[in-house]
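Report on the structure
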Amino acid sequence: IIPTRGNHENDKTLYNQVFGLENDHPGYFKSRIGSLDLIVLNSEESILGAQYQWLEEQLQEAQDQGQWAFPNYHRPAYPAVKRPAATRMWVPLFESYQIRLVFESDGHAFKKTVPIFQDQRDVQRGVIYLGEGGLGVKGFANDGEVEDYRITINSPDGPLERLDRKSTRLNS
């Protein structure tokens, strides 16, 4: 298990105990699996300052060592059903270090963006933002209605396509 702190983990002490972290652990860390660095960030606390500096150091180290680096955090920079979070401030770092895939959460809907670079579709330099899975939790539509299942494929200009759980096109 590689935990990522989200908006439902309000009790930091309990969260850290459950996952075997020190009481004062900041909630961001790196897990190295072979040539992959999974960089787990904590979007529930300040995304600037120490965490931002640490993120940049990890991205530089991964680049220097020829590692694949995939950031992972909860509040999405490019959401399917919510407003963009302050994590958008990490996007220039992802672009600068040529990150290709970022895992995001929070929206209870599967989402995959087109490759995005400087808020434009760019298949050569863009970052794909994947995630927002609710893992069994009912999803939410833009109007606040609960849905059983939804897949959204996004571009910087908004949803390109949405599918319901029966693979029926909702809009495109």
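Now for a look at the structure at hand. (Residues numbered from 1 in each chain as written. Predicted model: local features only at pLDDT ≥ 70, side-chain atom pairs only at ≥ 80, totals over all residues. Heavy atoms only, no water.)

**With respect to the pattern of salt bridges**
- Applying the stated criterion to the full structure yields eight salt bridges.
- For Lys30, the salt bridge goes to Glu61, with nearest N and O atoms at 2.6 Å. Linking Lys30 in strand S1 (residues 29-33) with Glu61 in helix H2 (residues 49-64), this pair joins segments that are 31 residues apart in sequence.
- A relative accessible area of 25% places Lys30 in the partly exposed class.
- Judged by its relative accessible area of 29%, Glu61 falls in the partly exposed class. (Salt bridge = Lys/Arg side-chain N within 4 Å of Asp/Glu carboxyl O. Helix = DSSP H or I, 4+ residues; strand = E, 2+ residues; numbered from the N terminus. Buried < 20%, exposed > 50% of the residue type's maximum accessible area, 1.4 Å probe, protein only.)

**Quick word on the nonpolar core**
- In this structure, Leu41, Leu55, Leu59, Tyr73, Phe94 and Tyr129 are the most contacted members of the largest nonpolar core, which totals 23 residues.
- Looking at which element gives the most residues to this core, the answer is H2, with four residues.
- In terms of nonpolar packing, the next biggest core, distinct from the first, is built from six residues, Phe29, Leu38, Val40 and Leu130 among them. (Core = buried A, V, L, I, M, F, W, Y, C linked by side-chain atoms within 4.5 Å.)

**A few points about the side chain of Arg5**
- With respect to the helices and strands, the residue Arg5 is situated in the segment before helix H1 (12-18).
- Engagement of the side chain of Arg5 in a polar contact is seen with the side chain of Glu45, the distance being 2.7 Å.
- Setting aside its immediate chain neighbours within four residues, Arg5 contacts Asn10, Lys12, Tyr15, Asn42, Glu44, Glu45 and His74. (Polar contact = N/O pair within 3.5 Å; in protein donor to acceptor, adjacent residues only side chain to side chain. Contact = heavy atoms within 4.5 Å.)

**Some points on H2**
- Here H2 is 16 residues long and its end C-alpha atoms lie 23 Å apart, about the 22 Å a rise of 1.5 Å per residue gives.
- Inspection of H2 places Gln51, Trp54, Leu55, Gln58, Leu59 and Ala62 among the buried residues, and these make up the whole buried set. Within H2, the buried residues cover an arc of 135° as seen down the axis, which keeps them to one side. Of the exposed residues in H2, the ones pointing more than 90 degrees away from its buried face are Ala50 and Asp64.
- Those residues of H2 that are buried are in contact with S1, strand S2 (36-40), strand S3 (68-72) and helix H3 (91-96).
- Two residues or fewer past H2, Gly66 is found with a positive phi of approximately 70°. (Expected span 1.5 Å × (residues − 1). Arc of directions from axis to C-beta.)

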